[in-house]
Amino acid sequence: MRKTNLFMLALLCASSFVVAQNNTTTQLDTVVVDSKIPLERKNSGKALTVITAEQLSSQKTKTVAQLLNQVVGFELNGSRSNEGQNLGYLVRGGRNRQVVVLIDGVAQSDGSQIANDFDLRLISTNSIDRIEILKGASSVLYGANAGTAVISITTKNGYEKPIGLNVFTSVGTNNGSEDSGIHGQGVVNSVQVGGQLSNTQYGVQFNHRYANGLSAIAAPEGEPSLDADPFNFYQLRVNLGHAFKNNIKINRSLTTTEYKTSFDNFDFTDANNTITSKVLNSAGQASFSYKKGSVIINDSYNWTRRETTSGFPTKFDSRAFGLDAYINHNFIDRINVVAGVNYLDSDFNGFSIPFGANTFAQDVNESQVNFQILDPYINLVYITDFGLNLNAGARLNTHSNYDNTLVYQVNPSYRRTWGKVAAKLMASYSTAYITPSLFQLFDPLYGNSELIPEENTTIEAGLEATIANNITFSLVYFNRNEQNFVDFVTVDPDLFIFQYQNIAEEFMASGVEFTGSYKKDKLNTTVNYTYTQTDMRFALRVPEHKANFALGYTPSNKWQLGLNMSYTSDREDAFFNPVTFEQENITLESYSLVGLNAIYKINKALHLSLDVSNLFNTEYEELYRYQTLGRNYSLGANISL
């Protein structure tokens, strides 16, 4: 296996310039996430990643986590395991609490989650129109917890014609590497109806995802497979928007989502445990455009209910209301200023069954377990006529539980063109403020009300270049410093007492991110490579080397063909040994995966697709003793009218 992995890494690094139709990295003319204003990419001081509607349409069977796992700098731990596996957002050596997920402009959160993070299992790839990804400390524009990345998701809102219909369905296998049978145990369905009548836009969408046949825990070598742990997901979304004659636009959506997944015991034994998560979301945007700018108000309300059935049953319900209102004004030619205010109100209730009892009792009450954040911010974008650009701003974090904190960013870039070659130098210095979650503060078993916020500082420097409009590449160096890291520590090993605490050591992570693309006639190729170096204590499941390669070929108007490969190096993991009652460390071996896909267009309305993942049925681990996906096939059909 080692020789194969080294060969794969050499191949990926040798393929210097690469973009495939089924890969996630692309160069676009306009981006929004790094400044909150539509900005030509050449004027952006960040190396951004954009996943377009076209790329999403060719990867309908993938989860959002699987798509993001292809992004440079990202390791979405658990995305290649059982469908219901908990996800670890390991971006630039960070953790879930340092990643902000925006849906239609509003940060999503769940106060009952350990990291107050948004669960990516709650959104379907088929409901998304576009994803923009910004890495680095970004609290100036996106508030608390934007320490390593911001994932900005824009959902679909209908069609430009009076009525349109899109139906997608696929059936495939859901096997581990030890099972080569052909079973229809993976199903993806999506139906969208929408349109535009005069100035009114409407849409209704239903999404469904089901997976069975794969256990959460891997059976020991030589023993029969454990019982399957199925995953079942449903989502219904309705949206309505209207454009008024006085340059005012409004849009509202209502989404109800539910998933149920089974999981096994943490001592690596088979079990029939379940998690059921239900979310009701109401979101909207109102905008007013005038000659020199615009006013935008985004809001979102999430009500989440989650219940765990196991040897330690729990129930949670949480509420989170978010509001982001800002004005974008062009004061002077080439100078735009964004000024706004961000508000978040979050709380949750928690229930468990006390020892010796058989009914739930409330041990966390929303009247005591809540916080509010109200942050004013300002950001300036200055675009000169000689190639020098500046993106700079500041935010005052005002948290109901903590003292006020100022965060800021300075992001200059310089662009020059020589004939068919355009190059851009980029640099940034940015800070972030990471608030402890309500769970970390107030959980009756592990919470610590004395926790203080984490602080992140990121320095970046890079080069981005385009040659003859068909070769692009970027190279970025990052260095991240983290203070007041919140860790889960052992207080008394004899009494099994654990608690969340700030630790005194500073956390350092640094690395290099490379992306390259080449497009010529019917051929598209892309490659990315990430090198991440972290302090040993914080390197859990973070690969030092990671690379992705994709090749896309369009032999005719009827066919699209794709090949993708990925390499993930050794990672350190830790597990609790139920025999010794101690935590033990282990090294997970590196692995390489290869996949194929094809799309055949019967006509404009009907497309057929075939996906083959893990072509060589490689056996590997994302987490110690947990199952991962082997070779799998998926057949799909898409009808668009």
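1. Considerations on the overall build of the protein
Right, so step 1: Tallying secondary structure elements over the protein gives five helices and 36 strands in all.
Right, so step 2: Whereas a compact globule of 641 residues would reach a radius of gyration of roughly 26 Å, the protein reaches 24 Å, a difference of no more than 12%.
Right, so step 3: With respect to the three principal axes, the spread of C-alpha positions in the protein is 70 × 60 × 50 Å.
Right, so step 4: The burial tally for the protein puts 55% of its 641 residues in the buried class.
Right, so step 5: For the protein, the accessible surface area stands at approximately 27,700 Å², while carbon and sulfur atoms represent 58% of it.
Right, so step 6: For the protein, the distance from the average position of its 49 positive side-chain charges to the average position of its 61 negative side-chain charges is 14 Å.

2. Things to note about the pairing of strand β36 (residues 632–640)
Right, so step 1: Pairing analysis gives seven bridges linking strand β10 (residues 164–172) to β36, with the strands arranged antiparallel. Bridge assignment links Val-167 to a residue of β36, and that residue is Ile-639.
Right, so step 2: Summarising the sheet, strand β35 (residues 606–613) and β36 pair through eight bridges and their orientation is antiparallel. Among the inter-strand pairings, Ser-609 is bridged to a residue of β36, identified as Gly-636.

3. Concerning the sheet that holds strand β6 (residues 99–103)
What holds strands together in a sheet is hydrogen bonding between their backbones, with the strands either parallel or antiparallel.
Right, so step 1: An order of β3-β8-β9-β6-β7 is seen for the five strands of this open sheet, with the pairing classed as mixed. Edge strands, defined here as strands with exactly one partner in the open sheet, are β3 (49–51) and β7 (106–107).
Right, so step 2: Pairing between β6 and strand β9 (residues 149–155): five bridges, direction parallel. Residue pairing for β9: Val-101 is matched across the bridge by Ile-151.

4. Structural notes on unusual backbone geometry
Right, so step 1: Here the phi dihedral of Ser-198 falls at roughly 55°; this positive angle occurs in a residue that is not glycine.
Right, so step 2: By relative accessible area, Ser-198 is classed as exposed at 65%.
Right, so step 3: For Ala-468, which is not glycine, the phi dihedral falls at a positive 55°.
Right, so step 4: Position of Ala-468 among the secondary structure elements: in the loop between β24 (454–467) and β25 (471–483).

5. Some words on the side chain of Gln-560
Right, so step 1: Relative to the helices and strands, Gln-560 is located in strand β31 (residues 559–568).
Right, so step 2: Gln-560 gets classed as buried once you look at its relative accessible area, which sits at 16%.

6. Examining the nonpolar core
Right, so step 1: Counting 38 residues, the largest nonpolar core has Val-33, Leu-134, Tyr-142, Val-150 and Phe-348 as its most contacted members.
Right, so step 2: Per element, the largest residue contribution to this core is five residues, and it comes from strand β20 (residues 370–383).
Right, so step 3: Other than its neighbours up to four places away in sequence, Leu-134 contacts Val-33, Asp-34, Lys-46, Leu-48, Tyr-142, Thr-148, Ala-149 and Val-150.
Right, so step 4: One finds Val-64, Leu-67, Leu-120 and Val-279 within the second-largest nonpolar core, a separate group that totals 29 residues.

7. Here we look at the pattern of salt bridges
Right, so step 1: The tally for this structure, following the rule as stated, stands at 21 salt bridges.
Right, so step 2: Between Glu-40 and Lys-42 there is a salt bridge, with the nearest N and O atoms lying 3.9 Å from each other.
Right, so step 3: Relative accessible area serves as the criterion here: at 36%, Lys-42 is assigned to the partly exposed category.
Right, so step 4: Ionic pairing is found between Glu-83 and Arg-209, a salt bridge with its closest N-O pair at 2.3 Å. Taken together, the positions of Glu-83 in the loop between β4 (74–77) and β5 (88–91) and Arg-209 in strand β12 (residues 200–211) put the pair 126 residues apart, joining distant regions of the chain.

8. Things to note about the packing of aromatic side chains
Right, so step 1: Applying the stated criterion across every chain yields a total of 18 aromatic pairs.
Right, so step 2: Seen in terms of ring centroids, Phe-268 and Tyr-626 are 6.4 Å apart; in terms of plane orientation they differ by 80°. Their pairing is edge-to-face. With Phe-268 in the loop between β14 (248–263) and β15 (273–290) and Tyr-626 in the loop between β35 and β36, the pair connects residues that are 358 residues apart, well separated along the chain. Across the pair, Tyr-626 and Phe-268 agree in class, each one buried.
Right, so step 3: For the ring pair Phe-485 and Phe-507, a centre distance of 6.1 Å and an interplane angle of 50° mean the geometry is tilted. Of this pair, Phe-485 sits in the loop between β25 and β26 (486–492) while Phe-507 sits in strand β28 (residues 507–520), placing them 22 residues apart in sequence.
Right, so step 4: The class of Phe-485 is buried, set by a relative accessible area of 7%.
Right, so step 5: Phe-507 sits in the buried class, given a relative accessible area of 1%.
Right, so step 6: These aromatic residues form a ring-pair network of at least three members: Phe-268, Phe-575, Tyr-624 and Tyr-626.
Right, so step 7: The side chain of Lys-60 reaches across the aromatic face of Phe-168, ending 5.6 Å from its centre.

9. Description of the confidence of the model for the protein
Right, so step 1: For the protein, per-residue confidence averages 89 on the pLDDT scale, and residues scoring 70 or more make up 95% of the total.
Right, so step 2: When the criterion is pLDDT under 50, residues 1–28 qualifies, and its contacts beyond four places in sequence or with other chains add up to 98 contacts.

10. Description of a nonpolar patch on the surface
Right, so step 1: Taken together, the side chains of Ile-163, Val-191, Val-193, Val-204, Phe-206, Tyr-234, Leu-236 and Val-238 present a nonpolar region at the surface, about 620 Å² in accessible area.
Right, so step 2: Put simply, the parts of the chain that give the nonpolar patch at least two residues each are β11 (186–197), β12 and β13 (231–243).
Right, so step 3: Here the element with the most residues in the nonpolar patch is β13; it accounts for three residues.
Right, so step 4: You can see Val-204 is positioned in strand β12.

Definitions and cut-offs
Residues numbered from 1 in each chain as written. Predicted model: local features only at pLDDT ≥ 70, side-chain atom pairs only at ≥ 80, totals over all residues. Heavy atoms only, no water. Helix = DSSP H or I, 4+ residues; strand = E, 2+ residues; numbered from the N terminus. Rg over C-alpha atoms; globule rule 2.2 N^0.38 Å. Buried < 20%, exposed > 50% of the residue type's maximum accessible area, 1.4 Å probe, protein only. Areas by Shrake-Rupley, 256 points an atom, 1.4 Å probe, with all protein chains shown as cover. Lys, Arg positive; Asp, Glu negative; His and termini not counted. Charge placed at Lys NZ, Arg CZ, Asp CG, Glu CD. Pairing = 2+ DSSP bridges. Core = buried A, V, L, I, M, F, W, Y, C linked by side-chain atoms within 4.5 Å. Contact = heavy atoms within 4.5 Å. Salt bridge = Lys/Arg side-chain N within 4 Å of Asp/Glu carboxyl O. Phe/Tyr/Trp six-rings, centres within 6.5 Å; stacked < 30°, edge-to-face > 60°. Lys NZ or Arg CZ within 6 Å of the ring centre and 35° of its normal. pLDDT = per-residue confidence, 0-100. Patch = residues over 30% accessible without salt bridge, like charges linked within 9 Å, V, L, I, M, F, W, Y side chains within 5 Å.

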